[in-house]
Amino acid sequence: MINAVVTGMGAITPSGNSADTLWESVRDGRSAIDVLAGEEFASLPVRIGGQVRDFDPLAHLPRALARRLSPVQHWAIAAADEALAQAVAHGRLPWDPTRVAVLSATGSGPIDAMQAATRAYDEDGARGVPLTLSIHGAADGAGAVLSQRHGIRGTAHAVSATCASGGIALGEGMRLIRHGYADAVLVVGMEDCLGPVNLSSNANLRALAAGFEDDPTAASRPFDRARTGFVMSAGAAAIVLESEDIARERGATALARLVGFGASSDAHHPTAPHPAGRGAAQAVRACLADAGVDVHDPARAAQAVGHVNAHGTGTPAGDAAEAAALTEVLGPRAGGVPVTATKSSTGHLLGAAGVVEAVLAVRTLTDGVLPPTLNLDDPEFADLDVVGPQARPQAVETVLSTSFGFGGHNAALLLERST
């Protein structure tokens, strides 16, 4: 079987505008959550979130192209360029371009473009709609630009499964390599969910942590008894996956292996997870089985997992379902496996979250540090060994990264330390 390895990573997030600064911020326990800057947020019921800061698109793109693209696409392209620069030392892609894929993971894509076009149509009629909307307004618009930008001629398409999008895209990228359809895959997770419409919708669902404008860093509280909802954040992250054999032949540094992937659907409710974590457990079990783990014995399953980067959004129902799923698969007290919910620091980047958290999982493996969970003042789930509020120095061989989303979408990845 062909193994897939991580050879490059990039990020543009509220926690920093590179993969290194993202990791350092999360590792050091710094929150990226703040009161949202902008007049459009003043009247909203929830006015906190994680915004990308100090990002200049003209440092990454020609002015004419930057003007046509949405901010989410700016971030995605910048993150992808960083990942490729790490993977490829001298700029020229070392792979057959017909055997390189681009997978764009997003829940909503460049939603601001459609909203702006709708306003233009209402004001000026058909002539007011930008002719580029059908090109750059699509979920795979950034992937198309990246393919042209780097001469990538393999498949390029979007993966959309709400908050599980990034995890599923990475898993499908691994499968493309494992089954011989690609030598390398650029996976880019992106989300710009902080518009007033998106915020209002999630606030109306009562899914968001509310009432923290005076202390926004305290809002995201996964697995804490006082949690009230998640905090939305915007940004992008990218990972280059490639065949381990090809990476070895060209002398590339393999940062980690991606060795397992599982996905499932709850088939239960439009927003609420199955209360017993049925779909989440199914995805985790499938992921471990994909990596060759005996999932019929929870003790052996627990031995195969060194750390869990949990989905852990801070919603009352979601965290409870995830805790139940981990306990079901890994055994009593979740097998003693330490768990971190990094959304307590970054906020929830929705469709991009799976890629962001895979970047953090890789750094957990390479640095031998388990990142903390912030705001864990009164842990609710005694069965979970939740790391927090300080990072825990601990070398681990594997990290399980989970992603669960509205609609009952579930994904799990198992990353392994590269030797």
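Further up the page is the structure itself.
Residues numbered from 1 in each chain as written. Predicted model: local features only at pLDDT ≥ 70, side-chain atom pairs only at ≥ 80, totals over all residues. Heavy atoms only, no water.

Draft legend 1. Highlighting the packing of helix α3 (residues 71–87) against helix α6 (residues 141–150). One can describe the packing of α3 onto α6 by two numbers: an axis separation of 10 Å at closest approach and a directional angle of 40 degrees. In this view, α3 runs oblique relative to α6, as classed from their interaxial angle. When the axes of α3 and α6 are compared, the crossing they make is right-handed. Here α3 contributes Gln73, Ala76, Ile77, Ala80, Asp81 and Leu84 to the contact with α6, which in turn contributes Gly141, Ala142, Val145, Leu146, Arg149 and His150. Along the lines of polarity and charge, the residues of the contact of α3 with α6 split into seven nonpolar, three polar and two charged. (Axes fitted to C-alpha atoms, helices over the stretch in contact; angles between N-to-C directions. Helix = DSSP H or I, 4+ residues; strand = E, 2+ residues; numbered from the N terminus. Parallel < 35°, antiparallel > 145°, perpendicular 65-115°, else oblique. Left-handed = near helix turned anticlockwise from the far one by under 90°. Contact = heavy atoms within 4.5 Å. Nonpolar A, V, L, I, M, F, W, Y, C, P; charged D, E, K, R; others polar.)

Draft legend 2. The side chain of Asn410, seen in detail. Within the secondary structure, Asn410 sits in strand β15 (residues 409–417). Judged by relative accessible area, Asn410 falls into the buried class, the value being 3%. Within the local environment of Asn410, its side chain forms a polar contact with the backbone oxygen of Gly408, the two atoms lying 3.1 Å apart. Setting aside chain neighbours within four positions, we find Asn410 in contact with Ala164, Gly262, Ala263, Ser264, Ser265, Asp266, Gly279, Ala280, Ala283, Ser403 and Phe404. (Buried < 20%, exposed > 50% of the residue type's maximum accessible area, 1.4 Å probe, protein only. Polar contact = N/O pair within 3.5 Å; in protein donor to acceptor, adjacent residues only side chain to side chain.)

Draft legend 3. Region of interest: the pattern of salt bridges. All chains considered together, the criterion is met by 24 salt bridges. Salt-bridge contacts for Asp28 lead to Arg30; the nearest nitrogen and oxygen are separated by 3.2 Å. You can call Asp28 partly exposed: its relative accessible area is 41%. We classify Arg30 as partly exposed; its relative accessible area is 42%. The residue Asp378 makes a salt bridge to Arg225 at a minimum N-O spacing of 3.3 Å. With a gap of 153 residues between them, Asp378 in the loop between β11 (369–370) and β12 (385–386) and Arg225 in the loop between α8 (196–204) and β7 (235–243) connect regions that are remote in the sequence. Taking relative accessible area as the criterion, Arg225 reaches 47% and is therefore assigned partly exposed. Each of Glu244, Asp245, Arg248, Arg257 and Glu416 takes part in salt bridges that share partners, so that together they form one network. (Salt bridge = Lys/Arg side-chain N within 4 Å of Asp/Glu carboxyl O.)

Draft legend 4. Focus on the environment of Arg67. The residue Arg67 is located in helix α2 (residues 63–68) in this model. Note on Arg67: relative accessible area 62%, which makes it exposed.

Draft legend 5. View of the nonpolar core. If you look at the biggest cluster of nonpolar residues, it comprises 55 residues, and the most contacted ones within it are Trp75, Trp95, Leu186, Val188, Leu199 and Met232. Here this core takes 10 residues from α3, the largest share from any one element. With residues near it in sequence (within four places) discarded, Met232 still touches Gly49, Gly50, Cys193, Leu194, Asn198, Leu199, Asn202, Leu208, His348 and Leu350. One finds Met9, Trp23, Ala256 and Val359 within the second-largest nonpolar core, a separate group that totals 48 residues. (Core = buried A, V, L, I, M, F, W, Y, C linked by side-chain atoms within 4.5 Å.)

Draft legend 6. Main features of the packing of aromatic side chains. Inspection of the entire model under this criterion finds one aromatic pair. Arranged with centres 6.1 Å apart and planes meeting at 85 degrees, the rings of Phe223 and Phe381 form a pair that is edge-to-face. Separated by 158 residues along the polypeptide, Phe223 in the loop between α8 and β7 and Phe381 in the loop between β11 and β12 bring together distant segments of the chain. With respect to burial, Phe223 and Phe381 carry one shared label: buried. (Phe/Tyr/Trp six-rings, centres within 6.5 Å; stacked < 30°, edge-to-face > 60°.)

Draft legend 7. The sheet that holds strand β1 (residues 4–12), seen in detail. Taken in spatial order, the 11 strands of this open sheet run β5-β4-β6-β7-β1-β8-β15-β14-β9-β10-β12, and their pairing is mixed. The open sheet is flanked by β5 (156–159) and β12, the only strands paired with a single partner. Note: strand β6 (residues 184–191) against β7, eight bridges, orientation antiparallel. Paired with Val185 across the strands is Leu241, a residue of β7. (Pairing = 2+ DSSP bridges.)

Draft legend 8. The arrangement of the pairing of β15 in detail. Here strand β8 (residues 256–265) runs beside β15; their pairing, made up of nine bridges, is antiparallel. From the neighbouring strand, Arg257 faces β15, where its bridge partner is Glu416. Here strand β14 (residues 398–405) hands over to β15 after three residues, with Gly407 in that stretch at a positive phi of 85 degrees.

Draft legend 9. Unusual backbone geometry, seen in detail. Pro389 follows Gly388 through a cis peptide bond whose omega is 0 degrees. Its location among the elements puts Pro389 in the loop between β12 and β13 (392–393). Of note, the phi angle at Ala334 is positive, near 50 degrees, even though the residue is not glycine. Mapped onto the elements, Ala334 comes out in the loop between α12 (316–330) and β10 (338–340). When its relative accessible area of 1% is taken as the criterion, Ala334 is described as buried. In the Ramachandran plot, Asn375 falls in the positive-phi region, its phi being about 65 degrees despite a non-glycine side chain.

Draft legend 10. Looking closely at helix α1 (residues 19–27). Taken as a whole, α1 has its buried residues at Ala19, Leu22, Trp23, Ser25 and Val26. Summarising the axial view, the buried residues of α1 lie within an arc of 165 degrees, below the 170-degree limit, and thus occupy one face. In the segment just after α1, Gly29 is the residue with positive phi, at about 75 degrees. (Arc of directions from axis to C-beta.)

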